[in-house]
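Residue-level listing of the chains:
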Amino acid sequence: MAKIKPNNFLDIVDEVFTDATKHGVIHLYADGESLSGRTIGIDGKSLFHFGTTGYLGLEQDERLKRAAVEAILRYGTQFPLSKTYVSHPLYQSLEEKISEMYSNPVIITKNSTLGHIGVIPSVVSDRDAIILDHQVHWSVQNAAKVLKTRSVPIEMIRHNNLDMLEDKLKKLASKHQKIWYMADGLYSMFGDAAPVKELLDLSKKYPQLHLYFDDVHGMSWAGKHGSGYVMQELGELPEHILVFGTLSKTFGASGAVLACSNKKMYSKIKTFGGPLTFSAQLEPASVGAAIASADIHLSDEIYVLQRELQERISLCNELLKATDLPLVERNNSPVFYIGTGMPITGYNFVNRLLKEGFFVNLGLFPAVPVKNTGVRITISRHNQPEEIKALVDAMDYHFPKALEATFTSPQKVFHAFNLKQNRKEEEQYKQSVPGLTMGFYETIADLDQEVWNEIFGSHGVFDYQGLQFLEQTFNAQQSRESQWKFFYIIIWDQLQKPILASYFTYGLWKDDMLAPESVSREIESKRMNAPLYMTSYVLSMGSLFTEGDHLFIDTSHPLWLSAMQLMLNQIEQLDKTLKPAMIVFRDFEEDEVLNEFFHNHGFFKVSMPESAYISELKWRDTDHYVKSLSSRSRRHFRKDIKPFEPFFDVDITSHLSPQMQSRCYGLLEQVRQNNQGLNTFAYPPDILDKMSSHPYWEFLVLTLKKDYTRNELPIIVGVMFCYKNVGNTYVPAFVGMDYAYVQSHQVYRQLLYQTIKRAGELGLQNIDLGMTAAFEKKKLGAVIRQKVAYLQAKDNFSMESLELMTNKV
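Residues numbered from 1 in each chain as written. Predicted model: local features only at pLDDT ≥ 70, side-chain atom pairs only at ≥ 80, totals over all residues. Heavy atoms only, no water.

1. Considerations on the packing of helix 3 (residues 91-102) against helix 11 (residues 284-297)
Across the interface, helix 3 lies against helix 11 with an axial gap of 9 Å and an inter-helix angle of 30°. On the basis of their axis angle, the class for helix 3 and helix 11 is roughly parallel. Classified by chirality, the crossing of helix 11 by helix 3 is left-handed. Across the interface between the two elements, Tyr 91, Ser 93, Leu 94, Lys 97, Ile 98 and Met 101 from helix 3 touch Val 287, Ala 290, Ile 291, Ala 294, Asp 295 and His 297 from helix 11. Its residues assigned to classes, the contact of helix 3 with helix 11 shows 8 nonpolar, 2 polar and 2 charged. (Axes fitted to C-alpha atoms, helices over the stretch in contact; angles between N-to-C directions. Helix = DSSP H or I, 4+ residues; strand = E, 2+ residues; numbered from the N terminus. Parallel < 35°, antiparallel > 145°, perpendicular 65-115°, else oblique. Left-handed = near helix turned anticlockwise from the far one by under 90°. Contact = heavy atoms within 4.5 Å. Nonpolar A, V, L, I, M, F, W, Y, C, P; charged D, E, K, R; others polar.)

Rendered as structure tokens:
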């Protein structure tokens, strides 16, 4: 079977960023002859700046500017020499001052990204393990992944989930010397903080636990001498904790700093820290500015600056409290996050604020889940009270207008972030649109059979009779993984003409369903003891049993986008009731309009396995069929199919005996277990009995003659489970094979050919060959279609955990 191309996380990010750029909210250029910190020029317009990470405004301090200029005049624009040999003349002074700030030895790095790459591989030994908070900064995650080459295990926990952390500690403790938990001190999107004191207590309970904090966003505005939020919480720096701070952002200069109280560990890092050894050192201007900033931090002035910033933060908190804006995290940090939910609402809201004269940042995937898009506001000393008030007033005014303009509601946004509204309001879902009528059903029995079959009769196994079979099979199962709920939507216009129809299922999926096979095999080894490990409930268009065009939409109808919105509203209602971990719209061909529609509503696109079909098959006999193939395919048929046909007896039956059911189910399971690029749960064992009693199913059984087997008796080595829908499409829905004979006897290729032959002999011109093995199907005349799906996850944890496993070296 052909391998399935895994989805690329970076491709998803690229799509999101490209769309945000198109809407004019990222990848902008500042303009103007100078910068003040208070305002920023964008497209020739001066805007009040609420997007800086220079919270104390030191980047505009005259003392830092003069120090930077003086350093350039005295020492040049750079000092092109590795610190391993000689440090810049100003470096020693800087290190002494920063060490005094932290009351511990420090290491200065070019920036925090290079710093993490240098420090993490130096302090983590091959006997250690790493646990990442799933929201820890990308630079930490990227540096940790380097250790995969040394087989250091890397686990991930949900954000700030100490129970999950403790569970990981218990599992890793017996196998590893140290267990490093890596987190941010202050998280840059929502402005929430790590539970530092609780983590310190946990490390006392588990002495193997070592803590690694990236506190660049907690720097300067908090802590003694501005040493940061983490140091403020710790008081003193224990030997088992490393803290990264920054000399840029709030500090006002450039570079990063690691504080380490463990002398042996400090010496090891300083002696050889990868890029700390080989990368260029900070430029004289940066060192000069950092020294000037350090002098401020070591004086009482830093507490005046911190207090002035806190006054502005408190003002913003008080003003926001008087509004109904969805502030995601209430705390005393300079970072505020106003949720918008859907990206399109975020684009609209940001552009409204830009027109009002305020620059703010948009929080986007992957920094936040797609449906947790929002506006990130940062408060600095540059911001004056009247400007803060004006910004909050503008947000309070424009937020409901942005919601209305993008067909959403406050309730949807608050629900997306699990927030409670200040005022209780009725949910205003638009369940009707003038000119449209929607029908919503929970069983196919409530639908008109003729209407449904007219729409979907020629599509896969989801004509009316096929869905009856699926409901009977999966509604009454005992095991959680086989219990499905079904939902149906049809939308008509005023003339009672259907313009949209689909069906959805709610059930348990494996999180790694489309992950690379190597990842699924690793996860399956853990499922031996925990069968539901890394599984989640999903609300999906279609089902894990069917493949094909699950959405009927008449795009020629003037109200088709309104119909899409109606369907989405209904799915959001189900989302509130069922609370799935993910919503999936699937089996689409590439379409720019649909792509924009789904992305704007909080979905991201992923590639699905390719799909294959044959249409307009005109079967006379085998020779006529072979002549219709390309010359390469004809050679393939003569070499890999025709010579093996005499090896088999081909039996076509609509009923399997209990013994045959057992054998065929075993073959079906062999295929599932050997093709984990599309990793799903096993179907319930009684499914073959239900197929045998259904008039539309038949079985194409390949029995290897005894002369060609290793046994004394003939043996069933392959079976194709085929459905004949009411639209006269032949659907080889599933395949079962004995892998002891697949390669040697070309079993799969023979099954494909016999399936096409059977459809031809039945006079059926259309064959829906389904997903995977597209190359093999193409060689037999199939047309291949690229398919995509649109996903909306409650958070990024599963995706990031799989990405971490996918990147193993």
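Next comes the rest of the write-up.
2. Remarks on the side chain of Lys 787
Tracing the backbone shows Lys 787 in strand 27 (residues 783-793). Taking relative accessible area as the criterion, Lys 787 reaches 2% and is therefore assigned buried. At a separation of 3.5 Å, a polar atom in the side chain of Lys 787 contacts the side chain of Glu 547. Dropping the residues within four chain positions of it, Lys 787 is found in contact with Glu 547, Gly 548, Asp 549, Asp 587, Phe 588, Glu 589, Ser 607, Met 608, Pro 609 and Ser 611. (Buried < 20%, exposed > 50% of the residue type's maximum accessible area, 1.4 Å probe, protein only. Polar contact = N/O pair within 3.5 Å; in protein donor to acceptor, adjacent residues only side chain to side chain.)

3. Let's talk about the environment of Glu 450
Considering the arrangement of structural elements, one finds Glu 450 in helix 16 (residues 449-456). Accessibility expressed as a relative area gives 63% for Glu 450, which makes it exposed. Expressed as a C-alpha distance, the spacing of Glu 450 and Leu 327, which sit 123 residues apart in the sequence, is 50 Å.

4. Details of the packing of helix 4 (residues 112-123) against helix 9 (residues 263-271)
Working note: a packed helix pair is described by the angle between its axes plus the distance between those axes. Across the interface, helix 4 lies against helix 9 with an axial gap of 9 Å and an inter-helix angle of 130°. Viewed along their axes, helix 4 and helix 9 adopt a mutual orientation that is oblique. Seen along the crossing, helix 4 lies across helix 9 with a hand that is right-handed. Facing Val 119, Ser 122 and Val 123 of helix 4, the residues of helix 9 in contact are Met 265, Lys 268 and Ile 269. Looking at the contact of helix 4 with helix 9, its residues break down into 4 nonpolar, 1 polar and 1 charged.

5. Concerning the sheet that holds strand 2 (residues 39-42)
Ordered by their spatial adjacency, 4 strands build an open sheet running 1-2-3-12, and the pairing between neighbours is mixed. Where the open sheet ends on each side, the last strands, each with one partner, are strand 1 (30-31) and strand 12 (358-359). Relative to strand 2, strand 1 is paired through 2 bridges, and the arrangement is antiparallel. Following the sheet pairing, Asp 31 is matched in strand 2 by Gly 41. (Pairing = 2+ DSSP bridges.)

6. A word on the pairing of strand 10 (residues 256-259)
Of the two faces of strand 10, the one carrying Ala 256 and Leu 258 and the one carrying Val 257 and Ala 259 are both buried. Relative to strand 10, strand 4 (residues 106-109) runs antiparallel, the two being bridged by 4 bridges. Along strand 10, the bridge assignment pairs Ile 108 with Val 257. Two elements, strand 9 (residues 241-246) and strand 10, share 4 bridges in a ladder whose sense is antiparallel. Directly across from Phe 244, in strand 10, lies its bridge partner Leu 258.

7. What to know about empty space enclosed by the protein
Over the atoms, a rolling probe the size of a water molecule traces out where space has been left empty. Tallied over the full model, the rule gives 4 cavities of 30 Å³ or more. In this structure, the largest cavity occupies an estimated 90 Å³ of space. Around the largest cavity, the lining residues are Pro 369, Lys 371, Asn 372, His 415, Ala 416, Asp 575, Gln 792, Ala 793 and Lys 794. Looking at the lining of the largest cavity, the elements that each hand over two or more residues are helix 15 (410-416) and strand 27. When its residues are assigned to classes, the lining of the largest cavity shows 3 nonpolar, 3 polar and 3 charged. (1 Å grid on protein atoms, 1.4 Å probe; cavity = no way out; pocket = protein on both sides within 12 Å on 5 of 7 lines; lining within 4 Å. Points joined across faces, edges and corners; volume = space filled by probe spheres on them.)

Purely geometric stuff here, so don't read any function into it on its own.
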